Structure formats: C-alpha cells, structure tokens
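Analysis of the macromolecular model
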2 protein chains.
Amino acid sequence: MGLYDADAISRLREILGQEDASAMIVPSSDPHFGEYVPDHYKCIEWLCGFTGEAGTLVVTMDRAALWTDSRFFIQAAAELDGTGVELMRQNVPGTPSLAQWLKDNLAEDDIVVMDEDLFSYSDYTAMVDALAPVTPSLVEDPFDRIWKDRPALVFNPVRHIGVEISGETSMSKYERLCRTLAMPVPFAYIMTAMDDIAWLCNLRGTDVEYNALPMAYAVVDNRGIALFARQAMLSEEAVAALTSNGLTELREYEEFGRYLQTLPKDCVRIFASGKVTAKYFFAAMDNVYNNPSIPSHVPDPVTGGTVAMMKAVKNEVEADGFRKACVVDGRAISRVIAWVRENAGTGITEKDVALKIEEYRKESADYLGESFPSIVAYGANAALPHYSIPESGGAEIGRDGLLLIDTGAHYAYGTTDTTRMIPLGNLTQEEKDDYTAVLKGLIRLSMAVFPQGTRGCLLDILARGEVYRRGKRYLHGTSHGIGHVLCVHEGPQSIRMEENPVALADGMVLSVEPGVYVEGSHGIRHENTVIVTPCTDAGSEGFSRFETITRAPIDLSPVNASMLDDSEKEWIESFNRCCSL
Amino acid sequence: MGLYDADAISRLREILGQEDASAMIVPSSDPHFGEYVPDHYKCIEWLCGFTGEAGTLVVTMDRAALWTDSRFFIQAAAELDGTGVELMRQNVPGTPSLAQWLKDNLAEDDIVVMDEDLFSYSDYTAMVDALAPVTPSLVEDPFDRIWKDRPALVFNPVRHIGVEISGETSMSKYERLCRTLAMPVPFAYIMTAMDDIAWLCNLRGTDVEYNALPMAYAVVDNRGIALFARQAMLSEEAVAALTSNGLTELREYEEFGRYLQTLPKDCVRIFASGKVTAKYFFAAMDNVYNNPSIPSHVPDPVTGGTVAMMKAVKNEVEADGFRKACVVDGRAISRVIAWVRENAGTGITEKDVALKIEEYRKESADYLGESFPSIVAYGANAALPHYSIPESGGAEIGRDGLLLIDTGAHYAYGTTDTTRMIPLGNLTQEEKDDYTAVLKGLIRLSMAVFPQGTRGCLLDILARGEVYRRGKRYLHGTSHGIGHVLCVHEGPQSIRMEENPVALADGMVLSVEPGVYVEGSHGIRHENTVIVTPCTDAGSEGFSRFETITRAPIDLSPVNASMLDDSEKEWIESFNRCCSL
C-alpha cells in the first residue's frame, strides 16, 4: 500500500500530546506548491493511505477526517476503508467545512497546529479567519521525528543549458527582470516556484517526476541572483556558467529560510509566486525595518507574476525547439498509431501501448522523459478525462471503437503534449459526429485571429461551440500553457471558461484540446500544441493567430464531412499534409 | 447655447467664498445615476457649456477645469472654447488626475466641497481616498440658490400597467423579491434605480427622455413597499392598484431622505443598486443601532442586484409583448427602407429619414415614443458608432454607398432596438466584405447554443471573429440587455469582451449588434433583438439558445456568399422569410 503506515496516526497523536496540541491540519502540498509532490511530502498518504493529489487531513486526539473534492470520492472511499479515517465529501450538502468540523470538535482554547512548511501564507491566514475564535499555531515539520523510512528529498545532477537551447543567457534574463520590476528602491524578489528558477538560471534537473526541474529556491536583488540548491549536484561548468551570468550567492537548498531572515532591513520584499509557505513568508518579514515611506512588501507588479510571464513568452530559439520536438515526437506517435492498427485484437493492452510510445521515443538521443504519465484509454475508459492505466495493464485493445492516446515528452530542446484518437472500426454515428464536433472545435480555435491583448477565455467558445450544439459539454479547460523543458502545465495564460486576466501574447505556447465524454461509451479528445504568432498580412497589424506545431496526423476516416465547412476542411487537410512531410 | 450661462462660474465662486470653500467638484450624474440626466441636473452644462454625457468639472477660486474621456475630446474642446475652462483629456499622458490637480492647486487645509446629491457614496469615498490629505466635504445642492431659471424636475402622469402587459402583479413581484432576499432579520431594501422601481410597482411614466419612467424612489421591507413619487400624478386607479399590491406607504418624491432617516434601528439596510447618493447613504445609516450580531448593511445578495436580475428575466407575457413590438416596428422600418430607396438622391437628409421613422411608427396607436435618439448615418458618417444627426439635418442621402439606421421604440407592450443597413449602390468590395463579415458575426452569435450559466463574454468572439479575420475590430459591446418598456439599455447581463460575472438566463432579452467602422469611409452594423430560450430538443437539456425576434429584413444584395457557410446562409434566408410573413 505504498507509503501508508497503520501506526502513523497514533505516532502523530503522541507528538501532539507532547506539544499540548489537540489537532493537526495536514495539506497535500509541498513547499514549492508544484503539480507533482515528492514522496518526502506525501504525509497524507503515510497517515491514511489516500493517494489523490488534492485533500486535507485533520487529526484530533480521537478522530481523523479527510476533505477532498468529487474527483477523488471513489478513490478516497476505497483507500480510507478500514483506516478509521472519515471521508468528508467537499461541496456535498451536509458535509461540514473543515473549519466548522474543527470548531464543533474542539474547545475554544484547544491548540490546533499546522505545518509551517506545507501551508502557504495565504492558506494559513484564510484558515486563521475560518477557525476563529480557535487560533491555529504554525509548527515545524513534525514528520521527520516520527516517520521512520520517510523518503528523503531527491537531489539529482543539475545541468546548465546553453543559449542554443534557451535562446537567452541567464544574465540577460536577470537584466530584463530588473528592468520589468523597475523598483526605485532596493528589493528582494523571492522565488519559490522551481520552474521559474530553472528558467531564470537556465538550469534543468530531474528532481521532480515528469518535470525537468532541480529542487531550488532563489532571491533576486539589485546585485544579482542568490541560488539555493544542492551544490554537490552542480558541475563545475554549471557553476562557472552561473557565476558569469549574475549569480552572486550559491548556497545549500536548506539555507533559504535563514537567508530570508537576513534580508536587508530596508529592501522591499516581492513574492514572485502567488504561493509561498508561511514559514518563508514570516522568515522574509522577520527583519523588516518599519520605514513607513517604503512598503515592506509589494505584490508582483505583473499580472500572473513577472518571471512567470517572461517565461511564458518563448523566444525564437525556444519556439524552434518546440517545433523540432513536435517533429520528433510526431514521428514516434505516428509509428505507435501504425503499431496499434497492426496489433489491435491480438491481446495488446493499454499499458503495452504506453510502453511502445516510450520505446519509440527512446530511439531519439535527445529524449529526456515523459512530460506526464501517458493516458491510453480504450473505449469507455476514454470517457474518464483523467483515466490512468491500472498496474495490471488495463483494457485489451480490440478491433472496434476508439482508442485515445494523450501523451507528451521532454526532449533536450522542447516539450510536447498531444492527444490522438485511433479509430479501430465499427464506430457508431454518435461517435463519428462527436469525433467531428471535437475536431471542428480544434480547427475553429486553431484558425482564430484575435487582437493583441485578448484574454484566453474569450476564445474558449470556438472550441466548445460545436460540442454544445450536440447538447454535450466538457468540463476541463480548453488549453494550458506549456513550459520549455520544464512543466507541461505552465501558467499564467490559459483558454478556459473561467475568467483569467492574463492576455494571450505572441510567443506563448499552448495546448488546444477540446473533448467530449459519454459515460460508459466513449471519450474523444483531439489535442495539438500551438504558438501565438503575430499576423503578418498587410492590414492585420495588431492581430495574432495560432501556429499549430504538432506533427502527428489526425485520422479523418470517422469525419462526418457535412459538419465541416470548406475552410475547415482545407485547414485540416493542410495540417495532415504538413505532418507527412 | 442651451443651458450655458457665462456668469454661472462666478456665481458659484461667490457661494464658495461665503462658505469658506476653495473648490467644488461637479459630476455629470443625477441622484438616480441613469443614462439620461434631466435638465435640472445638467449643472456642468450650465457652468461651462459642455453637453457630453460624461465629465467632471472642478471650479476653484481662480481656475476651472473639465475632465472627460476620449469620446468627448473634440466636442469638449469646441464647447469649452472661450469659456476659460481648461480641458483635461483623461488617460492622455501628461494629463494630471483630478485629485492630483486639486492637490497641486490647493493647500492642505483648503475646503473642497462635493454635492451630496450628485456623488454616489462609492465615488465619494473613492474621492476622499484620492484627495488625502485634503478632505472633501459634502454640501447640500447649492445650485437652487444661484441658478436662475434652473429647469424644474419634470413630473408627468404615471400609469399603472396591468398583468396583460406586465405578466405579473406587483404583489407577486414583491413576494418573490422577499423570498429571494431570504433575510432572516428585519430589512430595508433601498431602491434608487427608477427602472427597478417602475418594474416592481408596474408603473410607467414619461419623466425621463427616451425612458418610460416616473421619477421615484422606494423602500421594500418585511411589510411591503414604500413608494416616493409625485402623488398628484398618480390616478386614483393607479393608487388603488398599488394599494392592493403591497403598497404600505405612498409619499412625495422629496420625502425619501427623511424617511431613510427614520428606518428602524435594528433593520439591515440593503442598497439595491450599486449606486446610491452619499446623501441617501448617510441618511439611511444615520440611525443604525449598533448591534454587533446584525450587520447594519449588507450587499445585495444577488450578483448584479436582486431586482435588476428579476427584471432582466422576462416572463412569457413580456416576451410576447417584445415579439409584438418587433412585428409592428419591423413593419415601420421596412416601410422606411422602401421610402429611402425611392427617395435617395432627391435631396432627403438623415433628419428626414429619422422623421419618417417617427411618422410611420405613430400610425400605431400603441406607439409611446423612441427608446433612444435614432441614428441615421450616411456614408462616412456611419463610421462614428455614436453619430448624432446635426440640427441642420445632416447629410443628404445619395444614390451610392450605405445608409445606417439604428433606431428603437417603446410600444405599450414592448421595446425595440434595431440597426439596418440600406445599400444604395456602387458598393466597394471592401464594403461588401465588411457587410458580410458583420452579418456572419450576427448569424454566428444568433445560432449559438450554450449551457445554462454561460457568461456573456464567452460568446462575444462569435460576433467578432470574422471581423477580426479581416484585420478589423469594433470597440463597443456586442450586446446589451433591453428593458420591457423601461430603458433600452438594461443590465445586469451583457455580451462584451469585458468580464461580467452575470450569466445569461432563459428569458433575458438582449441586442446582438456587431459592427465595423472604417474612418472616413463607411460604418456597418447589423442589430437584432433576441430572447434567451431553453433548448427543447431531446438530449439538449440544460442548454439555451437565442430566439431572434426582430422582424425587419436584412438586405442580402451586398453579401459575398463565399464568406458564409451553408448553415449560415440557411439561417439568414429563414430569418428574412419570417420578416415577410
């Protein structure tokens, strides 16, 4: 059962007893608030066996309860079974909020503790408000003391990438960052998001699953960059490259908190990411000189974050790297499609297909690894947008219906994210029409022309419109940003129904992935990668469009041609021709 | 020059001197914050001659300056010429903000006064923040004392409309309002928006230009409705109808402030509209009992306002009234189109066309008046989206190019808002393609299917997409709500690029009006009225679509057919067939 330890909760209660605490709140995050949490921080799994990505566990002296959202209800019920931990289904009528439940179960002077390393400052203050009159206390991570065999943090070798991959030196990025911040007074730009730091310093690593990231923190100030990482994992060449590119301090990863406590009194603190742990927030504010004419900390001046926005806009070298990655990856995907067609009905499973993708990708010397776990979903399995292949191998691929493959890779020069449908035979009319409706959404959004400054949500209907006309909908976003050999899900831009004030800008790389899901029957998603590109035709100054860079063909055999207009047909045929070049 | 009085500013300065004040800030609003301001409140025009709808005038003892936005730069420069009032072009680099300018021109202990009747509470508090350390003071309207011949407020007869027009009694609306508010404690729902009050009480009037509104205030509480209006203008029948429909108090319009001061201490104040004057806000809060367990005032619990939202969702009787109004008005517009075709090139002017529309409309006994001043714009005049016909009559309509007519009316049962293009001859290819691009936008948005709960901004690109593909754009909204014999521009819903959290709901009536404007050449806008309607096809539960109710045909002779797909052609042909039934 993985990290789960049936004695963990009693050990935690012992510690709580020693500290006179009555309850502890344990979130599912880590100090960097990234998408993938290292095993070291999977405290919830150790305590109760729950492996979902989002949940909050509360342990009191006699009860324990886990709050999670509807994505994880079934999984959580199974994993909590027999552990004595109660499942609290969020947003289901009758479920108390975590704060209400704690207030109902505690006295006003009871002590509730929260790990200062795992709660962001904003989540901590929100919890303080919600729990009033009970006041929670921040405590040091107690798990090191009680979690025998706790997985250590992983620090693998870190490499420096040259301008032939990054397109811009770290020094140039540092200088642009300072110009953008334009702070008239001394400042400390405090960076805790690992992909922001990797981008700024042109470093790549393998410390986080599916992400080409080294574990690191950084502080940028008027003099340069202070980097906190595992020094032993940096080659001499990397250190030399950093040193000639604005690095002023190189310290151990663990020294970040102590360094924050020594920030000059009169510098303005800027927290680069929306998320910083309570521990680091208070460390950085520990020493603030109360000069009322200078605010002690200010929000990042750029919507979505200055570095996040700089990183989201790719330069031409990065864009070319993405294009090259799409060509190499497109070839691997095309071969997998052919292999599936040949072998469907011979006993191959979803897992075999995933392994075959990996096998073909590995033939490229530039392949670094998957950018997320491949989704290979046959038939009704594809109706679950986030299906994951079971350990046992998953469904056998038959000669009927549709197979969905959603897969991505990191190459030395770029990252990919592609979903392709393989029609295997005997599709129903509903499947064909859904296939075409989703394809029409992909095409319409891909063909869009829009003024610079357009927010992603304004384009979302282009992808969904035809699905809606069929009385269907998909609940996930239409598009996410893609990092350059960093994280496959990257902000701050997006195309989804929810309001996001960040405008699409030339150079941004995004997925385009409409879908439709019919429970118990089929799921369809077509996904390409696009780059936002200025329109160059005379008279279209100030407008942008999407350049589609994915190079895996889309099977047109199921298409209901009457649902596409001439320009749409022309677009998809031209796209497929590009894929076969 | 209308209301302008060259001595007005010196008279205001005399009063300021008597009060030891150094400056006064005068906004362009009135106490109801509606779209059309009665002459009584056109203090800016009286002081400096500026007739634009948006501006703020500051008068100090030796200077005076008017802040206005780019829509009014040319007009303001002309109107202020020779008055000694400086023009401050908002959002132009180098223009100081009003607050900065005042701070630069005043000492810290100088007194700045603001009319408590003309500033909303929120604008007042924002001004207090912006002017710090200078503190502005609210004063009673000083203009009555110094403005000789100040136009009086207009109070015309007020009529009560029956359920055959409104579809719902005032009592039923009152009861629904109380249920929606669901206040567990005594409350006072304070209403200052005249159209909200007219809707709730089923009253209509003619006190405001182009709006079928009586001047009124109201307070709704647990017992019923207190109405503040000119009692002499209410017929006995109207009073009887009100009294049998929840009216508990009927008082003079001017007694509203005094009534607010006598609200029960322990009731919760809810300000129904986002805008309430500083005077009425403080009057309502004057007497608040400080019971910390009951908040003294709470925001309106419904996004956009409870009554505004109830009013925006039309019942079937209202919807039928809109449909009938569209049929009657469509006939008048069709006749005008024919008349223009016959008489173009014979010396008829834009003004003649506007008068002809009025003439044809008056043939209907149910016609109440225009819902806004007709825009009749020939050729390049149409490139100004808010062109108004000059007193002199405007351009002569020739036999070439395009004529734009944007016009609306109130009938006893409904309100219309329609824009039609009349192609007169010899159109350029650019005009034809622009005409088709705008038409395609109209059709695409009109054909949209969308899930209940969709925000208007998510559909906006459907109207703009084809205009964008031509490297062009329009800066106005795509759609506004339309009131039922109230105001032609009605919230809270909209379809525009800006985020608006209000979702489209079945029963809402909206315009659909994409456009394109080429300076010095031509302007094109096609505008229909639509009702949000549930989809009734099997399998489309939870989705809505638009029912287009306008019944004036769209001329297809300029259409570039290659720009429309089959379903779009089918839609517009079917629409035109409906218009000729």
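Residues numbered from 1 in each chain as written. Chains lettered and ligands numbered in written order. Predicted model: local features only at pLDDT ≥ 70, side-chain atom pairs only at ≥ 80, totals over all residues. Heavy atoms only, no water.

**Considering the overall build of chain A**
Broken down by element type, chain A carries 18 helices and 28 strands. Its C-alpha radius of gyration of 25 Å places chain A within 12% of the 25 Å reference for a compact globule of 581 residues. Dimensions of chain A, computed from C-alpha atoms along their principal axes, come out at roughly 70 × 55 × 40 Å. Residue burial in chain A is summarised as follows: out of 581 residues, 59% are buried. (Helix = DSSP H or I, 4+ residues; strand = E, 2+ residues; numbered from the N terminus. Rg over C-alpha atoms; globule rule 2.2 N^0.38 Å. Buried < 20%, exposed > 50% of the residue type's maximum accessible area, 1.4 Å probe, protein only.)

**Some words on a negative patch on the surface**
A surface patch of negative charge is lined by Asp566, Glu570 and Glu573 of chain A together with Asp566, Glu570 and Glu573 of chain B. Mapped onto the negative patch, the elements with two or more residues apiece are helix H18 (566–579) of chain A together with helix H18 (566–579) of chain B. Among the secondary structure elements, aspartate 566 of chain B is positioned in helix H18. Using a relative accessible area of 60% as the deciding quantity, one classes aspartate 566 of chain B as exposed. (Patch = residues over 30% accessible without salt bridge, like charges linked within 9 Å, V, L, I, M, F, W, Y side chains within 5 Å. Areas by Shrake-Rupley, 256 points an atom, 1.4 Å probe, with all protein chains shown as cover. Salt bridge = Lys/Arg side-chain N within 4 Å of Asp/Glu carboxyl O. Lys, Arg positive; Asp, Glu negative; His and termini not counted. Charge placed at Lys NZ, Arg CZ, Asp CG, Glu CD.)

**Regarding the packing of helix H16 (residues 429–446) of chain B against helix H17 (residues 460–469) of chain B**
Residue and element names in this part refer to chain B. It is the contact of H16 with H17, at a shortest axis distance of 7 Å, that shows an interaxial angle of 155°. With respect to H17, the element H16 is oriented roughly antiparallel. In this structure, H16 meets H17 at a crossing whose hand is right-handed. Seen from H16, the contacting residues are Ala437, Val438, Lys440, Gly441, Arg444 and Leu445; seen from H17, they are Leu462, Ala463, Glu466 and Val467. A per-class count over the contact of H16 with H17 returns six nonpolar, one polar and three charged. (Axes fitted to C-alpha atoms, helices over the stretch in contact; angles between N-to-C directions. Parallel < 35°, antiparallel > 145°, perpendicular 65-115°, else oblique. Left-handed = near helix turned anticlockwise from the far one by under 90°. Contact = heavy atoms within 4.5 Å. Nonpolar A, V, L, I, M, F, W, Y, C, P; charged D, E, K, R; others polar.)

**Some remarks on the relation of the copies chain A and chain B**
Rotating chain A by 180° about the axis while translating it 0.0 Å along that axis superimposes it on chain B, leaving an RMSD of 0.1 Å. Taken together, the rotation and translation relating the two chain copies correspond to the operation of a two-fold axis. When C-alpha distances to the rotation axis are compared across chain A, the minimum falls at leucine 458 of chain A, with a value of 2.6 Å. Most of the interface of chain A is mirrored in chain B: 96% of its interface residues are interface residues there too. (Least-squares fit on C-alpha atoms with pLDDT ≥ 70 in both.)

**Some points on the pairing of strand S25 (residues 515–518) of chain A**
All names here are of chain A. Here S25 shows no split at all, with Gly515 and Tyr517 on one side and Val516 and Val518 on the other all buried. With four bridges joining them, S25 and strand S26 (residues 522–525) adopt antiparallel strand pairing. Residue pairing across strands places glycine 515 opposite arginine 525, the latter belonging to S26. What sits between S25 and S26 in their antiparallel hairpin is a turn of three residues, with glycine 520 showing a positive phi close to 75°. (Pairing = 2+ DSSP bridges.)

**Observations regarding helix H1 (residues 8–18) of chain B**
Residue and element names in this part refer to chain B. Of the positions making up H1, those classed as buried are Ala8, Ile9, Leu12, Ile15 and Leu16. One side of H1 carries all its buried residues, which in axial view fall inside an arc of 120°. In this structure, H1 carries Glu14 and Gln18 as exposed residues pointing more than 90 degrees from its buried face. Residues of H1 that are buried in the fold lie against strand S1 (23–27), helix H2 (43–48), strand S2 (56–60), strand S3 (64–68), strand S5 (112–115) and helix H6 (143–146). The positive-phi residue at the C-terminal boundary of H1 is aspartate 20, with phi of around 65°. (Arc of directions from axis to C-beta.)

**Section: the interface of chain A and chain B**
Accessible area lost upon the coming together of the parts serves often as the stated size of an interface. Each partner contributes residues to the interface: chain A has 24 residues there, and chain B has 23 residues. In total, about 2,100 Å² of surface goes out of reach between chain A and chain B, with carbon and sulfur atoms giving 60% of it. Taken together, chain A and chain B are joined by zero salt bridges. Across the contact surface, chain A and chain B share four residue pairs in polar contact (both at pLDDT 80 or more). Ranked by residues supplied to the side of chain A that touches chain B, first place goes to helix H17 (residues 460–469) of chain A with four residues. A class-by-class count of the residues in the side of chain A that touches chain B yields 12 nonpolar, three polar and nine charged. (Buried area = accessible area lost by both parts, 1.4 Å probe. Polar contact = N/O pair within 3.5 Å; in protein donor to acceptor, adjacent residues only side chain to side chain.)

**Observations regarding the sheet that holds S2 of chain B**
Residue and element names in this part refer to chain B. The strand order across the open sheet formed by six strands is S4-S3-S2-S1-S5-S6, and the pairing between neighbours is mixed. Strands at the two margins of the open sheet, each flanked by one partner only, are strand S4 (86–89) and strand S6 (136–139). With direction set aside, neighbouring strand axes in the sheet form an average angle of 25°. Summarising the sheet, S3 and S4 pair through four bridges and their orientation is parallel. Residue pairing across strands places tryptophan 67 opposite methionine 88, the latter belonging to S4.

The values are spatial; any link to function lies outside them.
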